[in-house]
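The chain contents come next:
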Number of protein chains: 4
Amino acid sequence: MLKIAFIGLGNMGIGMAQNLLNANYSLNVYNRTKDKSSTLKGDVKVFDQPDKAVDGQDIVITMLSDDETLNQLANGEHGFLASMKNGAIHISMSTISPDTSRELYNMHKIAGSHYLTAPVFGRPNAAAEAKLFICTSGDVETKEKAKAVLELLGQGIYDFGTEPGAANVVKLAGNFMIMASMETMAEAFTLAEKQGLDREQVAEFFGNTVFNAPIYKNYGTLIAKKQYQPVGFKSKLGFKDARLASKMALDAQMPAPLLSLVYNRLLSAVANGNGENDWVEGIAGSVSTDAGV
Amino acid sequence: MLKIAFIGLGNMGIGMAQNLLNANYSLNVYNRTKDKSSTLKGDVKVFDQPDKAVDGQDIVITMLSDDETLNQLANGEHGFLASMKNGAIHISMSTISPDTSRELYNMHKIAGSHYLTAPVFGRPNAAAEAKLFICTSGDVETKEKAKAVLELLGQGIYDFGTEPGAANVVKLAGNFMIMASMETMAEAFTLAEKQGLDREQVAEFFGNTVFNAPIYKNYGTLIAKKQYQPVGFKSKLGFKDARLASKMALDAQMPAPLLSLVYNRLLSAVANGNGENDWVEGIAGSVSTDAGV
Amino acid sequence: MLKIAFIGLGNMGIGMAQNLLNANYSLNVYNRTKDKSSTLKGDVKVFDQPDKAVDGQDIVITMLSDDETLNQLANGEHGFLASMKNGAIHISMSTISPDTSRELYNMHKIAGSHYLTAPVFGRPNAAAEAKLFICTSGDVETKEKAKAVLELLGQGIYDFGTEPGAANVVKLAGNFMIMASMETMAEAFTLAEKQGLDREQVAEFFGNTVFNAPIYKNYGTLIAKKQYQPVGFKSKLGFKDARLASKMALDAQMPAPLLSLVYNRLLSAVANGNGENDWVEGIAGSVSTDAGV
Amino acid sequence: MLKIAFIGLGNMGIGMAQNLLNANYSLNVYNRTKDKSSTLKGDVKVFDQPDKAVDGQDIVITMLSDDETLNQLANGEHGFLASMKNGAIHISMSTISPDTSRELYNMHKIAGSHYLTAPVFGRPNAAAEAKLFICTSGDVETKEKAKAVLELLGQGIYDFGTEPGAANVVKLAGNFMIMASMETMAEAFTLAEKQGLDREQVAEFFGNTVFNAPIYKNYGTLIAKKQYQPVGFKSKLGFKDARLASKMALDAQMPAPLLSLVYNRLLSAVANGNGENDWVEGIAGSVSTDAGV
């Protein structure tokens, strides 16, 4: 059985790691905040340095909050990249920029290991229930070897070819689409509200008919109810993704005015000290405030 | 059996009228272009004046392109409003402004007839297959009486209360949401394309996972393929709806920057003489042009 | 000497009327709030109905807050239009839509009087000092006859031809340009502030060099100091002008995203109950709020 | 007399260098394209390496197209920074990011020389006529020593304190303001045009009255005439400045929707292969295209 190191036990990682344990894998784990691992049930070894955690393992999975953290844990002090055994695979599942994946892909190649880009769509409960949608890009053989592990984490694997950054492009494009959907619903529901209708009834109608997709149903309910607690995804992380998407658009020479609109909404949330609040509030709350309701 | 007049045999109306005929209703029909009725199969009487078409009928259904046409056919020369029999019901299914419904509601009340707002979501094929989603608002008894007829035209009836304009608000908010979704997908797919990915594969991924709603699947395919033929819905009609939504936002004191964005996209299409082209081209084609692809 | 009726003694009108009195004209005046005329010095007769005020006069000057008020005083109960003597001239100096001028032009023609469009640029102090810039459009002979009177009110008369609405187009375009300048300065100064610079020093630099125009100097100082008192021009009147400009853009099929931006800023001010506050606050205050400073 | 090295003889630099020669300074010059120096009249020595050009000089003036070029000439192969004599002053007049100035300031300090930020406002003809507006920031003594030289290049020196990046902030904020003014005029003049007025007459009116600043007069004429030749400032350089301003806004957490608007206009110009065209065309030409005129 493949030996796995799991790095990053946040809201998403904790559920993913447990799913691997449930399938009887042994895990070496590393998290900057050590006590996160205490809820894991199964054959777990906790390490206090990333390089030690990956030593001798076949697979290293990372699920971290941003490019900087990933780079730090891979290449900083006690970084794991240089400690991976020859031929081992790093499955990189964080939401990061395609450029970071392109650089890490090359670094792994030089170091004799492999890098597989595999970001996911889904909130923490989907991670816990192994219902994530997983996008992949990278070498064909690497994907083959990682397949069985990825299948334990999600309900579908969608491949976007061999260019290492491709799956990150899809992930960031998707997060932009989610932000844009929030802006869309917030404007529509608030307009309806100000015309005298019930926001929740309007949201329910669209979520059950022409917009009956998870994004519209789930975020639609939150937006209609103006329910911004508990925080599912922070505005500052949403802004990070808007920033990465904007950087990607700059590199590709792509004018994207709707991306600019949601970027500015979330930047405003951060600038006002509300970066820890939910991104639904960052976008939909701002629409309401502008409208005076 | 209720006697029905059907006014407006365009792409949408023709399928709806046929569904009533299929249920063995006799129809009086009126269309400005008379030969549109030639394909109808069943007990049809064709009239060359709206007032004659509604004479003695219990139900008058209108499915027209805009507020002006409806007002003209209701209140202009040979207008039908004054010719409706006492207690008859006008089911108004066109995409029009809430204000027009509010005014017509009052006019019918004075004239001794009833006005029911009942706009629909769905493209012509959905109309033909009786798969429309129908939104209603108006008097409770009127809705009760019209229910059996409406059920023959759609897969669901969603009621928004007694304020006559309410269902129009929902319809226009929904059309705004569709335009916003097109902008969203066009920016996301074009960004992915310029980053080296395949638009269609990206569209398919989102349409099968987190955005698996009809709007995203159907428009997503058109946008990904840059397929703007045949014309399903004209940019000039799309602009009309953006204009009505903006008017509604003005009346309700609702700042809506994303609505402004798609309004300007479609206004640009019209200003460039492309009002007859599909609204997908009006929005998504403009995103591509701006991006130089 | 020409006999003049002056209708509308607001912040602007009061100074203009005084300038005519200073030149020894006798004035019949009408204002909805009667005591406004008490500060006027000279040969003034105050009337309590607009039709009586214009009776027998050669020139009728209107300086009112909006289209609705002008239409009401011209054509409502005791309206002055029908009471103007044959050949008399109505000099219409309010900021109104070109369409209203087009309609009034035709009405006067039918009634045997003349309509001259003559909106102005300048704040109340410029009105008091006869330093207004006056834009005109209308019949050549009418302009000739009105010239001597207009010269007493401003520092320059700029003619835009015979189409009655033309001067209103220029006035509304200009007010849009002022709003856009405020947005421009607010974003630039706030960006500089957040980069650690002194807003006022930055404003002073630009106002003395490449942007040394009255608009940039005057509004620049207010924006830099975040000084929104006393109220010079209300946000709700600014929004009215943004609305009229948008209507004009709609009629002319003109996509104008920057107009949409300032329109939404001022609409938000109105929606939040701040319509009575200065439009500098409506625009620049909103930029600061979004930036968290 | 101070010995000066001048690096960068583009459209701007050539006129500035000549002004120093006219004041009897001897110049060491370096330009990547060597023959640019052939038109200079006076005591000029041409060098083919930046390090040789600065050897022994008291003042080094740089006037280059972007951050990358400056960094390359300062710190790349044969870079001049390490060759400057102890206590010499680098007057950095290019339009670059504040961060680059902050870094170079520190590098000079370590190397024993001084860095003075001194970007300018003005087109090539203003540079040739010593009519530039010069913004400065940096050490007080350095500014004192550089003063006499700077006075030969401009009509005014405006100081923004000791923080090295401050003057760059002002310069980039100003270039944003110019872009925003172009968008403002383009929308206003095109709206007037589509309402039947003469663009040039409208431009002339505003340039002579409430907007009588150089920016509005000069760019206003070009925009009104749709005159995009000869190229005064390339769209790709304009976009570079919009990009630097956006980066500065990101760093300062400043949402700036109008900056986003002009950023996207110029990015679209670049994406469509029109980066070499004038930025007036990049912005105002795009407004016209959107409007179908």
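What you see as residue numbers is a count from 1 along each chain, following the sequence as written. Chains carry letters from A onward and ligands carry numbers from 1 onward, assigned in written order. For this predicted model, a pLDDT threshold of at least 70 governs which residues receive local features, and a threshold of 80 or more governs which side-chain atom pairs are given and counted, while totals over whole chains, interfaces and linings are taken from all residues. Hydrogens and water are ignored here; the side-chain numbers use all heavy atoms of the structure.

Some remarks on helix H1 (residues 11–22) of chain C
All names here are of chain C.
Okay, step 1: Put simply, DSSP H or I for four residues or longer makes a helix, DSSP E for two residues or longer makes a strand, and each gets a number counted from the N terminus. A helix's residues, less one, multiplied by 1.5 Å, set its expected span. For H1, built from 12 residues, the straight-helix expectation of 16 Å at 1.5 Å per residue is met to within 8% by its first-to-last C-alpha distance of 17 Å.
Okay, step 2: Note on exposure labels: buried denotes an accessible area under 20% of the residue type's maximum, exposed denotes more than 50%, and partly exposed covers the range between, all computed with a 1.4 Å probe on protein chains only. Counted residue by residue, H1 has nine buried out of 12 residues, so it is predominantly covered.
Okay, step 3: Among the residues making up H1, those that are buried are Met12, Gly13, Gly15, Met16, Ala17, Gln18, Asn19, Leu20 and Leu21.
Okay, step 4: Immediately beyond the C-terminal end of H1, within one or two residues, lies Asn24, with a positive phi of roughly 75°.

Examining the relation of the copies chain D and chain B
Okay, step 1: Least-squares superposition aligns the copies on the C-alpha atoms of those residues with pLDDT at or above 70 in both. Expressed as a screw operation, the relation of chain D to chain B combines 0.0 Å of axial shift with a rotation of 180°, fitting to an RMSD of 0.0 Å. The operation mapping one copy onto its partner corresponds to a two-fold rotation axis.

Points about the packing of helix H9 (residues 214–225) of chain A against helix H12 (residues 279–291) of chain A
All names here are of chain A.
Okay, step 1: Between H9 and H12, the least distance of the axes is 10 Å, while the angle of their chain directions is 55°. With respect to each other, H9 and H12 are oriented oblique. Handedness of the H9/H12 crossing: right-handed. Residue-level inspection shows Tyr219, Leu222 and Ile223 of H9 in contact with H12, the latter providing Trp279, Val280 and Ala284. In this description, a line fitted to the C-alpha atoms serves as the axis of each element, helices being fitted only across the stretch in contact, and the angle between N-to-C directions of two axes falls anywhere from 0 to 180 degrees. For classification purposes, an angle smaller than 35 degrees is called roughly parallel, one larger than 145 roughly antiparallel, one from 65 to 115 roughly perpendicular, and anything else oblique. We call a crossing left-handed when the near helix sits turned anticlockwise from the far one by less than a right angle, and right-handed when that turn is clockwise. Contacts were defined at the residue level, with two residues in contact if any of their heavy atoms lie within 4.5 Å.

Topic: the packing of aromatic side chains
Okay, step 1: Classification of ring pairs uses Phe, Tyr and Trp, with its six-membered ring standing for Trp, and accepts pairs whose centres are within 6.5 Å; under 30 degrees between planes counts as stacked, over 60 as edge-to-face, and the remaining range as tilted. Applying the stated criterion across every chain, the model contains 48 aromatic pairs over all chains.
Okay, step 2: On the basis of an interplanar angle of 50° and a centroid distance of 5.7 Å, the ring pair of C:Phe121 and D:Phe205 is categorised as tilted. Taken together, the positions of C:Phe121 in strand S7 (residues 120–121) and D:Phe205 in helix H8 (residues 199–208) put the pair across two chains.
Okay, step 3: For C:Phe121, a relative accessible area of 2% puts it in the buried group.
Okay, step 4: Classification of D:Phe205 by relative accessible area gives buried; the value is 2%.
Okay, step 5: Ring centres 5.7 Å apart and planes at 85° place the aromatic pair C:Phe121 and D:Phe206 in the edge-to-face group. Here D:Phe206 lies in helix H8 and C:Phe121 lies in strand S7, a pairing that spans two chains.
Okay, step 6: Judged by relative accessible area, which is 1%, D:Phe206 ranks as buried.
Okay, step 7: Criterion for a charge above a ring: Arg CZ or Lys NZ at most 6 Å from the ring centre, at most 35 degrees from the ring normal. The ring of B:Phe121 has B:Lys171 sitting right over it, with the charged end atom 4.2 Å from the ring centre.

Looking at the sheet that holds strand S5 (residues 89–92) of chain B
Backbone-to-backbone hydrogen bonds join strands into a sheet, with any given pair of strands oriented parallel or antiparallel.
All names here are of chain B.
Okay, step 1: Pairs of strands are assigned from DSSP output, requiring at least two bridges between the strands. Spatial ordering of the open sheet is given by S3-S2-S1-S4-S5-S6, a layout of six strands whose pairing is parallel. The two strands at the open ends of the sheet, each matched to only one other strand, are strand S3 (44–47) and strand S6 (114–117). Each adjacent strand pair in this sheet contributes to an overall mean axis angle of 20°, direction not counted.
Okay, step 2: Contacts between helix H4 (residues 98–111) and the sheet are confined to S5 and S6, with S6 contributing the most and set at about 155° to the helix.

Considerations on the sheet that holds strand S4 (residues 59–62) of chain A
All names here are of chain A.
Okay, step 1: One open sheet holds the six strands; their spatial order is S3-S2-S1-S4-S5-S6, and the pairing between them is parallel. Looking at which strands have only one partner, the edges of the open sheet turn out to be strand S3 (44–47) and strand S6 (114–117). Taken over all neighbouring pairs, the strand axes of this sheet differ in orientation by 20° on average, direction set aside.
Okay, step 2: Here S4 runs beside strand S5 (residues 89–92); their pairing, made up of four bridges, is parallel. By the bridge assignment for S5, Ile61 is matched with Ile91.
Okay, step 3: Contacts between helix H1 (residues 11–22) and the sheet are confined to strand S1 (4–7), strand S2 (27–30), S3 and S4, with S1 contributing the most and set at about 165° to the helix.

Points about the UniProt feature "active site" (unreviewed entry) in chain A
Residue and element names in this part refer to chain A.
Okay, step 1: UniProt positions are given in the numbering used here, feature names are shortened, and annotations may be inferred rather than shown by experiment. Residues annotated in UniProt with the feature "active site" (unreviewed entry) correspond here to Lys171.
Okay, step 2: Structurally, Lys171 is set in helix H7 (residues 166–194).
Okay, step 3: Overall, Lys171 belongs to the buried group, its relative accessible area being 8%.
Okay, step 4: Sequence-distant contacts of Lys171, defined by excluding residues within four places in its chain, comprise Thr95, Pro119, Val120 and Phe121.

Details of the pattern of salt bridges
Residue and element names in this part refer to chain D.
Okay, step 1: Salt bridge, as used here, is a side-chain nitrogen of Lys or Arg placed within 4 Å of a carboxyl oxygen of Asp or Glu. Tallying each qualifying case throughout the model produces 56 salt bridges over all chains.
Okay, step 2: The shortest N-O distance in the salt bridge between Asp290 and Arg265 comes to 3.0 Å. Placement of Asp290 in helix H12 (residues 279–291) and of Arg265 in helix H11 (residues 257–271) is noted, with a sequence separation of 25 residues between them.
Okay, step 3: With relative accessibility at 23%, the residue Asp290 sits in the partly exposed group.

Remarks on the relation of the copies chain A and chain B
Okay, step 1: Once chain A is rotated about the relating axis by 180° and shifted along it by 0.0 Å, it coincides with chain B to within an RMSD of 0.1 Å.
Okay, step 2: The fraction of interface residues of chain A whose copies in chain B are also interface residues reaches 100%, indicating that both copies meet through the same surface.

Topic: the interface of chain A and chain B
Okay, step 1: Taken residue by residue, the interface counts 58 residues in chain A and 58 residues in chain B.
Okay, step 2: Note: buried area is the sum, over both parts, of the accessible area (probe 1.4 Å) each one loses when the two are combined. Taking both sides of the interface into account, the surface hidden between chain A and chain B amounts to around 4,900 Å²; carbon and sulfur atoms contribute 78%.
Okay, step 3: Between chain A and chain B we count zero salt bridges in total.
Okay, step 4: Under the rule applied, a polar contact is a pair of N or O atoms within 3.5 Å (in protein, one hydrogen donor and one hydrogen acceptor; residues adjacent in sequence only if both atoms are side-chain atoms). Where chain A touches chain B, the interface holds 16 residue pairs in polar contact (both at pLDDT 80 or more).
Okay, step 5: Elements supplying a minimum of two residues to the side of chain A that touches chain B: strand S8 (132–136), strand S9 (154–159), H7, helix H8 (199–208), H9, helix H10 (235–251), helix H11 (257–271) and H12 of chain A.
Okay, step 6: For the side of chain A that touches chain B, the class distribution of residues is 41 nonpolar, nine polar and eight charged. For this scheme, ten residues count as nonpolar: Ala, Val, Leu, Ile, Met, Phe, Trp, Tyr, Cys and Pro. Four count as charged, namely Asp, Glu, Lys and Arg, and the remainder, Gly too, count as polar.

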